[in-house]
Amino acid sequence: DAGVTQSPTHLIKTRGQQVTLRCSPKSGHDTVSWYQQALGQGPQFIFQYYEEEERQRGNFPDRFSGHQFPNYSSELNVNALLLGDSALYLCASSSAGAETQYFGPGTRLLVL
Amino acid sequence: KNEVEQSPQNLTAQEGEFITINCSYSVGISALHWLQQHPGGGIVSLFMLSSGKKKHGRLIATINIQEKHSSLHITASHPRDSAVYICAALTDKLIFGTGTRLQVFP
């Protein structure tokens, strides 16, 4: 079991560009949550996907969007990147109704 | 005020010392997580608690639901325990504290 995987591991973009981050959940999990962790801060909830739909959303602008595929993998898209979007983006998977989330290694995004 | 507060923010210790990290929350929760994050970002779940106490090796986690407070203890600390420890309250989503950076020196 590969656990939760994320790609890419690192990414550098410039202001105004768009980025897509990818997450494959742990085998048997159907729910994917995305978090943003700025340097020195705790993670902040972005949104959660279940059954290919956004089930919950944190306090993030519409520039942040996502998608879940039939195989439960997920993408996080960020449009019109700002310098402040530089952060570690974490994906976590779980089974619907279960309380334990398993985290991926994260994608570190730097916006110049 | 953050819904989940941790203290201290930074902690240094000598190898062998007993460590306590505290977490207070102001929201109703179904469970509380303790997580460990090493440099590079990977997060590992240590405990999930909804009541009482759990122990795993040298790690002990306790929670007091009435006082909305949880503690993580590390006995006989070791340099490999150096990491950021984060508590996260489970409501309808995970709400994270800002973390406690622990450094254990030989």
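For the structure, check the block above.
Thresholds, definitions, all that
- Residues numbered from 1 in each chain as written.
- Chains lettered and ligands numbered in written order.
- Predicted model: local features only at pLDDT ≥ 70, side-chain atom pairs only at ≥ 80, totals over all residues.
- Heavy atoms only, no water.
- Helix = DSSP H or I, 4+ residues; strand = E, 2+ residues; numbered from the N terminus.
- Rg over C-alpha atoms; globule rule 2.2 N^0.38 Å.
- Buried < 20%, exposed > 50% of the residue type's maximum accessible area, 1.4 Å probe, protein only.
- Contact = heavy atoms within 4.5 Å.
- Salt bridge = Lys/Arg side-chain N within 4 Å of Asp/Glu carboxyl O.
- Phe/Tyr/Trp six-rings, centres within 6.5 Å; stacked < 30°, edge-to-face > 60°.
- Buried area = accessible area lost by both parts, 1.4 Å probe.
- Polar contact = N/O pair within 3.5 Å; in protein donor to acceptor, adjacent residues only side chain to side chain.
- Nonpolar A, V, L, I, M, F, W, Y, C, P; charged D, E, K, R; others polar.
- Patch = residues over 30% accessible without salt bridge, like charges linked within 9 Å, V, L, I, M, F, W, Y side chains within 5 Å.
- Areas by Shrake-Rupley, 256 points an atom, 1.4 Å probe, with all protein chains shown as cover.

Q: Could you give an account of the overall build of chain B, with specific residues and numbers?
A: Per the secondary structure count, chain B includes zero helices and 11 strands. Mapped in sequence order, the helices and strands of chain B form the string β-β-β-β-β-β-β-β-β-β-β. A compact globule built from 106 residues should have a C-alpha radius of gyration of about 13 Å, and chain B, at 13 Å, falls within 12% of that. Its C-alpha atoms give chain B principal-axis dimensions of about 40 × 25 × 20 Å. Here chain B holds 106 residues, and 44% of them are scored as buried. By sequence separation, contacts in chain B at least 24 residues apart represent 53% of the contacts at least 6 residues apart.

Q: Lay out the pattern of salt bridges in plain terms, naming residues and giving numbers.
A: All names here are of chain A. One pass over the structure, following the stated rule, counts five salt bridges over all chains. Note that Arg 22 and Glu 75 form a salt bridge whose closest N and O atoms lie 3.4 Å from each other. Of this pair, Arg 22 sits in strand β3 (residues 19-24) while Glu 75 sits in strand β8 (residues 74-78); the two residues are 53 residues apart in sequence, bridging distant segments of the chain. Judged by its relative accessible area of 41%, Arg 22 falls in the partly exposed class.

Q: Got a sec to walk through the packing of aromatic side chains? Specific residues and values, please.
A: A complete count under the given rule lists six aromatic pairs over all chains for this structure. Both rings, one in Phe60(A) and one in Phe64(A), keep their centres 5.1 Å apart while their planes meet at 65°; by these two values the pair is edge-to-face. In this pair, the class of Phe60(A) matches that of Phe64(A), namely buried. When the ring of Phe103(A) is compared with that of Phe96(B), the centres are 6.1 Å apart and the planes differ by 75°; the resulting orientation is edge-to-face. Here Phe103(A), found in strand β10 (residues 102-103), pairs with Phe96(B), found in strand β10 (residues 94-96), and the two come from separate chains. For Phe103(A), a relative accessible area of 11% puts it in the buried group. A relative accessible area of 7% means that Phe96(B) is categorised as buried. Here a set of aromatic residues connected by ring pairs shows up, and it is made of Tyr35(A), Phe45(A), Phe103(A) and Phe96(B).

Q: Can you tell me about the interface of chain A and chain B, naming the residues and giving the values?
A: Contacts between the two partners involve 17 residues from chain A and, on the opposite side, 19 residues from chain B. Summed over both partners, the interface of chain A with chain B comes to about 1400 Å²; 56% of that surface belongs to carbon and sulfur atoms. The interface formed by chain A and chain B contains zero salt bridges. Inspection of the region where chain A meets chain B yields two residue pairs in polar contact (both at pLDDT 80 or more). For the side of chain A that touches chain B, the secondary-structure elements that each account for two or more residues are β4 (31-37) and β9 (87-94) of chain A. Split by residue class, the side of chain A that touches chain B holds seven nonpolar, eight polar and two charged.

Q: Go over a nonpolar patch on the surface, please, and point to the residues and values.
A: There is a patch of nonpolar side chains on the surface, built from Ile12(A), Leu110(A) and Leu112(A) and spanning about 300 Å² of accessible area. Using a relative accessible area of 58% as the deciding quantity, one classes Ile12(A) as exposed.

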